[in-house]
Structure formats: C-alpha cells, structure tokens
Amino acid sequence: MDPSINSILETDTLRWVFVGGKGGVGKTTNSCSIALQLSKVRGKTLIISTDPAHNLSDAFNQQFGKDPRPVEGVPNLSAMEIDPQATIEEFLQREGGESSTLRDLAFSIPGVDEAIAFSEVLKRVNTNDFDVIVFDTAPTGHTLRFLQFPSIIEKALAKIKELMGSMGPMLETFMGKGDQENGIFSMMSKLDEIRETTLEVNKQFRDPDLTTFVCVCIAEFLSLYETERMIQELTSFGIDTNTIIVNQLVLPEPDETCKRCLARAKLQNKYLTQIYELYEDFHIIEVPLLTDEVRGVDKLEKFSEMLVSGTKEKKLISL
C-alpha cells in the first residue's frame, strides 16, 4: 500500500478524519499536518482538539478557543479547542436556567455529557460550512468512548424520551411545572434534538466514504499493543481505518557508532516488522526522529510533506 496520506487527500467525500493513539506519540503534530494538507485540496478545513491537554495552540504558535478561528498563514484552515465541561455548563445555563432538573438528567446517563458537548460543537461547526473536519483526539481510551457514544446515547435517550413521555404529567407534578420554556416537555424536545444529532453522526462515522481514522504510534510494545486494541475496537464499531503513522523512528547512518542509537534502531525495527506483518493491507507511513521541535506553520508544512511523499529518509532530519 502507498506509504502516504494521499488516499485521504484524494477521497473528496471525506467529512471526518480522526487522528488518535497512545499519549505522547505525536498525534497533534500529525493531525495538524494532515489538516494542513487537506486545506490545500479540499477547501474549508477545520481541526478540532478533543484532548483535555490541548496542544493546537502550541503547534501553530497561535491561541485558539471554543469557536473556529482561522490559522494565520494557512488559507482555508481553521482550528478550535473543545473544553467539554465548559461546553456542557454553557448549554445547561442557556437551556436549563436556574432549574437543576436538566443538569441532574444530563449527568445521570453515562456519556450524555459528551453527547451534549459534541452536539454543541456541531452547531458551531455547521454554521461555518466546513468541507472536512480533522479531530486531534485524546489518548486511546477516551477516543474509543468518544467514537462509541453516538450509538449508546441514541439508545439511552430514546428510552429516556419514552419514559418521560409516559410519565410526563406525574414528573411535572413532582419536579415543578415551571414555565413552558423550561418545563419537562421542553427538556424532552432538547433531548430528542440531541438524540437526532447523535443518530446522524453515528451513521456518518460508520460510512467509509465520510469517515476514516488515522492511527499514530511509535515502534514500541505498549504503543503497538494500544494500536492493535484501538484498530480492533474501531473495526467492531464499523469505523474505517487503513492508515498507520509510525513516528519517531531512529534511522542511523551506515557508519553510525552510537551504541544507544543502534540499539534503539534495532528495537524499533523489531516492532516495525511486526506492524508490517499485522497490517499488510494498511497505508504505513514511517516518520523519522527529528532534531527539532515541530512548532509553527513553516515546520508543520515541512513535516506534512513527509506524510505526502512517503519517502524514508535514512538520517535524523532537521526542520
């Protein structure tokens, strides 16, 4: 398979591109690079960080927040950083007023807080009419939950709506009828809106023409183990994944004398061989260990070119 991200760039129907993996493997650098290249061929592109430890601002040397903001020096590319807790609080304050009912309901269903946050993010995204959206995700466990919640929440909210529909009058009596805007039936309407959003997102996530997941890893046991677990989970969710970026590879010169470098390269080669054996039908992209930090648009541009060219440089690369 072509050792590049060209299959992603050439699929003009893609709407969602997720980039994920174990913490510390370079997800943000690679997701920013993929977004940068997509902005050249797909028009309006948005990169969103769902990792609580946001790094987009550091990567681009520019401050981002909860709303899409253009990336300076990159036409057609915008970025935003989600704070799920703040997004939920904003939603509850706006929709629930002083009543604690919606707040209690929101946090009583596992995952509904993430559903509310994601629903709110989609509202902001859709108003800007982006062609493709790249997610710089949190470490593996949180990402899998994030991708799984549409199907879980769709079922949970359907049951809650059914319960509230059959017991609405009684709930109004116990919980306080309040005004029409903040009453129990208004809550039903809001929950139903979130349910419809998650149902549509779930369908799009499972469509390989619309969604793909890029796995980033390093050639070490724990990273390889998490990558395998993630790919199995993604497959069980019906989410397309066929690209693996192997980052931070030590590629010594033929006359290298550094024993540590040679030992590290030997160890990495062992796991790199396993990756090729496990994922022979994947696009596997090898990225060398760099001598500099990848910060700023210029360095991200040079880094992203390696993902497109698929070439394997046999030395440490200075950006």
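What counts as what
- Residues numbered from 1 in each chain as written.
- Predicted model: local features only at pLDDT ≥ 70, side-chain atom pairs only at ≥ 80, totals over all residues.
- Heavy atoms only, no water.
- Helix = DSSP H or I, 4+ residues; strand = E, 2+ residues; numbered from the N terminus.
- Buried < 20%, exposed > 50% of the residue type's maximum accessible area, 1.4 Å probe, protein only.
- Contact = heavy atoms within 4.5 Å.
- Areas by Shrake-Rupley, 256 points an atom, 1.4 Å probe, with all protein chains shown as cover.
- UniProt positions renumbered as here; feature names shortened; annotations may be inferred.
- Pairing = 2+ DSSP bridges.
- Salt bridge = Lys/Arg side-chain N within 4 Å of Asp/Glu carboxyl O.
- Disulfide = S-S within 2.5 Å.
- 1 Å grid on protein atoms, 1.4 Å probe; cavity = no way out; pocket = protein on both sides within 12 Å on 5 of 7 lines; lining within 4 Å.
- Points joined across faces, edges and corners; volume = space filled by probe spheres on them.
- Nonpolar A, V, L, I, M, F, W, Y, C, P; charged D, E, K, R; others polar.
- Expected span 1.5 Å × (residues − 1).
- Phe/Tyr/Trp six-rings, centres within 6.5 Å; stacked < 30°, edge-to-face > 60°.
- Lys NZ or Arg CZ within 6 Å of the ring centre and 35° of its normal.

Engineer: Help me understand the overall build of the protein in this model?
Structural biologist: Helix and strand counts for the protein stand at eleven helices and eight strands. Of all 319 residues assigned to the protein, the portion counted as buried reaches 51%. Within the protein, contacts between residues at least 6 apart in sequence are counted, and of these 76% link residues at least 24 apart. Taken as a whole, the protein presents about 14,900 Å² of accessible surface, with 52% of it coming from carbon and sulfur.

Engineer: Where do I start with the UniProt feature "active site" (unreviewed entry) in the protein in this structure?
Structural biologist: When the UniProt feature table is mapped onto this chain, "active site" (unreviewed entry) is found at Asp51. Here Asp51 lies in the loop between β2 (45–49) and α3 (56–60). Residue Asp51 is classed as buried on the basis of its relative accessible area of 12%.

Engineer: Would you take a moment to explain the sheet that holds strand β1 (residues 16–20) for this structure?
Structural biologist: Hydrogen bonds between backbone atoms are what pair the strands of a sheet, whose relative direction is either parallel or antiparallel. With mixed pairing, eight strands are arranged side by side in an open sheet as β3-β4-β2-β5-β1-β6-β7-β8. Two strands bound the open sheet, and with one partner strand each, they are β3 (69–70) and β8 (283–288). One ladder, built from five bridges, connects strand β7 (residues 243–249) with β8; its direction is parallel. Its bridge partner lying in β8, Ile245 is registered against Ile285.

Engineer: Could you clarify how one ought to interpret the pattern of salt bridges in this entry?
Structural biologist: Between side chains of opposite charge, a pair can form as their charged atoms come close. Considering all chains together, one arrives at two salt bridges under this definition. In this structure, the salt-bridge partner of Lys40 is Glu301, at a minimum N-O distance of 2.5 Å. In this pair, Lys40 sits in helix α2 (residues 27–41) while Glu301 sits in helix α11 (residues 297–309), placing the two residues 261 residues apart along the sequence. Here Glu220 and Arg264 are joined by a salt bridge, their closest N and O atoms 2.2 Å apart. Here Glu220, found in the loop between β6 (211–218) and α9 (221–237), pairs with Arg264, found in helix α10 (residues 259–278); they are 44 residues apart in sequence, far enough to count as distant.

Engineer: Please explain the pairing of strand β4 (residues 77–81) as it appears in this structure.
Structural biologist: Every other side chain in a regular strand lies on the same face of the sheet, so the side chains alternate between the two faces. Counted residue by residue, β4 has five buried out of five residues, so it is predominantly covered. Looking at chain direction, β2 and β4 are connected through five bridges and run parallel. In the strand pairing of β4, Ile48 is matched with Met80. In terms of strand pairing, β3 meets β4 through two bridges, oriented antiparallel. Opposite Arg69, over in β4, you have Ala79 as the bridge partner. Counting the residues between successive antiparallel strands, the hairpin from β3 to β4 contains six residues, one of them, Gly73, with a positive phi of roughly 85 degrees.

Engineer: Could you clarify how one ought to interpret the state of the cysteines in this entry?
Structural biologist: When the sulfur atoms of two cysteines share a covalent bond, that bond is a disulfide. As enumerated under the stated definition, the model contains zero disulfides in all. Not part of a disulfide, Cys217 finds its nearest cysteine sulfur in Cys215, a span of 7.8 Å.

Engineer: Mind showing me how you'd approach the layout of surface pockets here?
Structural biologist: The gaps left among the atoms become clear once a water-sized probe is rolled over them. In this model, the largest pocket occupies a volume close to 380 Å³. Lining the largest pocket are 18 residues, and of these Gly26, Thr29, Asp292, Glu293 and Val294 sit closest to its centre. Elements that contribute at least two residues to the lining of the largest pocket include exactly α2, α3, β7 and β8. Looking at the lining of the largest pocket residue by residue, the classes come out as seven nonpolar, six polar and five charged.

Engineer: What should I look at first to understand α2 in this one?
Structural biologist: In an α-helix, one turn spans 3.6 residues, which is why side chains three or four residues apart end up on the same side. Under the 1.5 Å per step criterion, the end-to-end length of α2 is 21 Å for 15 residues, consistent within 8% with the ideal 21 Å. Following α2 by one or two positions, Gly43 adopts a phi angle in the positive range, close to 85 degrees.

Engineer: What should I look at first to understand the packing of aromatic side chains in this one?
Structural biologist: The geometry of an aromatic ring pair is captured by two quantities: the separation of the ring centres and the angle between the planes. The full count for this structure, using the stated rule, is eight aromatic pairs. Summarising the aromatic geometry, the rings of Trp16 and Phe205 are spaced 6.0 Å apart at their centres and angled 90 degrees between planes, so their arrangement reads as edge-to-face. Placement of the pair is Trp16 in strand β1 and Phe205 in helix α8 (residues 184–205), with a sequence separation of 189 residues. For the pair formed by Trp16 and Phe205, the shared burial category is buried. Ring geometry for Phe18 against Phe205: centres 5.1 Å apart, planes inclined by 90 degrees, an arrangement best described as edge-to-face. Pair noted here: Phe18 is in strand β1 and Phe205 is in helix α8, with a separation of 187 residues, a long-range link. An identical accessibility class is assigned to Phe18 and Phe205; each is buried. These aromatic residues form a ring-pair network of at least three members: Trp16, Phe18, Phe135, Phe205 and Phe213. Arg15 extends its terminal NZ or CZ atom over the ring of Trp16, reaching a point 5.2 Å from the ring centre.

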